[in-house]
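Chain by chain, the residues run as shown.
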Amino acid sequence: MSIIQLENISFAYTPKEVVLSDVSINVPKGSIYGFLGVNGAGKSTTLRLILGLMKAKKGQVSVFGEDINKTYPKYLSKVGSLIESASLYEHLSAYDNLKIASKYFNVPNSDIIKILETVKLEHTGKKKTKDFSTGMKQRLGLALSLLHDPEILILDEPTNGLDPNGIIELRNILKQLSDDGKTIMLSSHILAEVEKIVDQLGIINNGQIVFEGSLQKLQDLKKKNIEVHFRVSDSTMAMKHLSTLRNQKLNEFKFSIKLDSSEELPVIIKRLVEKGIDIYEVIPQSSDLEKMFLNITKS
Amino acid sequence: MMSFIRSISAELIKLKYAPIIWLCLFVVVIVTVIVFTASYMDQANIVQLGRNPWIRHSTAGSAIFGVFMLVPFAVMLISTVVFIENHSKGWKYTYSTPRTRTHVFYAKLIAIFIVLLAVAIIIFGLNILTAFILEFLLPEIEFRYNSMNLNVVLGMYLHLFVSLLGVIGIQYFLSLRFKGFLVPMSFGIIAFIVGVIVGSLNKPFALYYPYSYPNIVKDHHMFLIDKIGIEQYGFFNNVEINSIIVFMVFIALANFLELRKRI
């Protein structure tokens with residue numbers, strides 16, 4: 001069941017500046033949904049539409065199975081969000097920032113202490129948030145989004161500005177939240193950052209969804225897109241004999257081939273040998289998800 | 001209703017330790033010091049046989065506050081209150097909470113009123129305190145043998161507040177439209193200076209310039225206002241009615257645009 005559903009959403013800031021075009025997304029309940037795209041692809045706009053910060057020109061956004069135009073702003077009581085950098089009143093302490101949020105969400109003060117402990121900021125006392133490190137600010141932003149124990153957590157580029165330790169800490173917190181049954185939708189432009197925790201992926205490029213599905217589906221796609229480099233006696237001749245395949249000359253002795261499956265490889269080697277081409281080296285290229293993501297967004 | 005009160009409380013927490021608190025303190029101190037000094041220097045006029053010294057003392061208090069401090073203070077207060085939200089990029093969070101935009105809009109406006117009211121109450125309280133200090137320094141003033149007419153004094157402050165509503169509406173609208181505080185604040189300060197000049201000219205067009213309303217709403221003995229054409233309609237005069245109309249127009253417009261703002 002989809003807890004967040006976007007159906008044929010289109011959005012433009014001006015008639016000429018179309019940001020989203022016919023975007024449809026389904027975020028399954030209880031999943032960690034990675035929303036990927038290069039900068040300017042339309043990720044933040046999509047998340048803002050889900051939060052009701054902007055209205056779509058066309059299409060429908062449903063959260064908890066209902067059109068948000070009908071349930072706004074009530075549905076937000078079960079949604080936590082962190083859009084880009086955290087919204088912090090920097091002249092105030094972490095506690096005061098959370099106190100403000102507690103007023104909006106009608107949360108008791110005791111929960112503020114608990115959430116500060118969760119994000120390891122309980123020791124900050126009266127320290128103003130302007131004196132916090134980037135990681136501390138981001139953790140406080142996460143605390144603000146978690147204070148009211150939401151069912152859905154929407155995080156836009158939550159690892160921005162975090163050091164590797166911060167990223168690992170955040171990942172652990174998100175895994176814990178997922179284990180607690182929360183649905184997490186997080187955007188990023190770096191696949192490597194999210195592939196370790198997400199189970200569902202959506203890839204957006206130029207305002208259009210170019211891939212949506214499980215991580216397994218993306219990995220299956222990876223198996224079908226194998227690139228192999230050959231070092232041979234004559235790359236021009238070799239390529240001539242393999243003209244029907246997707247190949248590219250790298251230099252006089254090297255060329256690359258893109259295969260749809262690994263079963264094609266022995267066939268190619270056999271053909272080259274039959275044609276008298278000496279093969280010195282066959283180098284399978286590592287096609288990680290990051291490359292796939294780039295390939296998908298490029299195409 | 002409780003959720004609205006909680007939202008107002010959230011708005012007031014945002015002002016904690018903000019520079020506006022120092023501004024409030026400055027206004028309170030400066031008004032009190034000027035009123036005290038003015039009354040002390042003006043003792044010959046205050047000490048008049050058969051005249052209640054409280055009247056002159058209280059009028060000086062409301063005049064100095066109303067004519068010279070109230071508008072620039074309100075301009076800076078409103079610009080700062082809204083700027084806190086802009087500076088912290090707080091709109092995207094505030095509007096992602098289960099509160100309508102109109103709800104947040106009015107909670108912020110009420111918070112501005114509360115700060116204004118608090119400052120007015122403190123100034124009023126300190127005004128009374130300075131009277132007792134003056135009594136100690138200059139026993140011939142004889143505050144103790146006269147009583148303050150609370151209704152008259154509170155009425156003066158109420159008229160001042162109503163006359164300020166137009167400025168509040170315009171400044172709130174401007175502060176929400178511009179991300180920085182420089183444009184609304186500069187506009188407000190310049191408009192205030194022009195307002196003092198317009199108020200002092202004793203011409204009817206002052207009735208159509210909201211930034212001069214606090215100067216002309218009541219006779220503060222600062223300018224001549226007899227030719228402006230002020231007419232009384234029950235408790236309020238036409239200056240106050242104009243102020244209320246300007247306030248309602250700009251607040252409605254600001255709310256309308258806020259509902260359509262993309263965050």
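Use the structure listed above.
Residues numbered from 1 in each chain as written. Chains lettered and ligands numbered in written order. Predicted model: local features only at pLDDT ≥ 70, side-chain atom pairs only at ≥ 80, totals over all residues. Heavy atoms only, no water.

Help me out: how do you make sense of the overall build of chain A in this one?
Scanning chain A for helices and strands turns up eleven helices and 14 strands. For 299 residues, the compact-globule estimate of 2.2 N^0.38 gives 19 Å, and chain A exceeds it by more than 25% at 24 Å. Viewed in the frame of its principal axes, chain A has a C-alpha envelope of about 80 × 45 × 35 Å. Counting only residues that meet the buried cut, chain A has 50% of its 299 residues in that class. Considering only contacts within chain A whose residues lie at least 6 apart along the sequence, 66% involve residues at least 24 apart. Of the roughly 14,100 Å² of accessible surface on chain A, a fraction of 49% belongs to carbon and sulfur atoms. Of the charged side chains in chain A, 39 are positive and 36 negative, and the gap between their average positions amounts to 3 Å. (Helix = DSSP H or I, 4+ residues; strand = E, 2+ residues; numbered from the N terminus. Rg over C-alpha atoms; globule rule 2.2 N^0.38 Å. Buried < 20%, exposed > 50% of the residue type's maximum accessible area, 1.4 Å probe, protein only. Contact = heavy atoms within 4.5 Å. Areas by Shrake-Rupley, 256 points an atom, 1.4 Å probe, with all protein chains shown as cover. Lys, Arg positive; Asp, Glu negative; His and termini not counted. Charge placed at Lys NZ, Arg CZ, Asp CG, Glu CD.)

How should I be thinking about the overall build of chain B in this particular structure?
A count of helices and strands for chain B gives ten helices and two strands. Along the chain direction, N to C, the helices and strands of chain B fall in the order α-α-α-α-α-α-α-α-α-β-β-α. Against the globule reference of 18 Å for 263 residues, chain B gives a C-alpha radius of gyration of 20 Å, in line with a compact fold. Here the C-alpha coordinates of chain B stretch approximately 65 × 40 × 35 Å along the principal axes. The burial tally for chain B puts 54% of its 263 residues in the buried class. Within chain B, residue pairs in contact and separated by at least 24 positions form 77% of the contacts whose partners lie at least 6 positions apart.

Just to check I follow, could you spell out the environment of Phe247(B) for this structure?
All names here are of chain B. Assignment of secondary structure puts Phe247 in helix α10 (residues 238-260). Looking at Phe247, the relative accessible area reads 13%, which means it is buried. The sequence separation of Phe247 and Ser147 amounts to 100 residues, and the corresponding C-alpha distance is 36 Å. Look past the residues within four positions of Phe247 in its chain and what remains in contact with it is Leu109, Phe113, Leu165, Gly166, Ile168 and Gly169.

I tried to follow the packing of aromatic side chains on my own but got confused; where do I start?
Aromatic ring pairs are described here by two measures, namely the spacing of the ring centres and the angle between the planes. Residues and elements named next belong to chain B. On inspection of all chains with the given rule, the structure shows 19 aromatic pairs over all chains. With centroids separated by 6.4 Å and ring planes inclined at 75 degrees, the aromatic side chains of Trp54 and Phe132 adopt a geometry described as edge-to-face. Of this pair, Trp54 sits in helix α4 (residues 53-87) while Phe132 sits in helix α6 (residues 101-137); the two residues are 78 residues apart in sequence, bridging distant segments of the chain. Assessed through its relative accessible area of 7%, Trp54 is described here as buried. Overall, Phe132 belongs to the exposed group, its relative accessible area being 51%. An angle of 75 degrees between the planes, with centres 5.4 Å apart, marks the rings of Phe113 and Phe161 as edge-to-face. Here Phe113, found in helix α6, pairs with Phe161, found in helix α7 (residues 150-177); they are 48 residues apart in sequence, far enough to count as distant. In this structure Phe113 comes out as buried when scored by relative accessible area, which is 18%. (Phe/Tyr/Trp six-rings, centres within 6.5 Å; stacked < 30°, edge-to-face > 60°.)

What's the story with the sheet that holds strand β13 (residues 254-259) of chain A in this structure? I'm lost.
By definition, the strands of a sheet pair up through backbone hydrogen bonds, in either a parallel or an antiparallel sense. All names here are of chain A. If you trace the four strands from one edge of the open sheet to the other, you get β12-β13-β11-β14, paired in antiparallel fashion. Two strands lie at the open edges of the sheet, namely β12 (246-249) and β14 (279-284), each paired on one side alone. For this sheet, the mean angle separating the axes of adjacent strands, direction not counted, is 20 degrees. Relative to β13, strand β11 (residues 226-232) runs antiparallel, the two sharing six bridges. Along β13, the bridge assignment pairs Arg231 with Lys254. (Pairing = 2+ DSSP bridges. Axes fitted to C-alpha atoms, helices over the stretch in contact; angles between N-to-C directions.)

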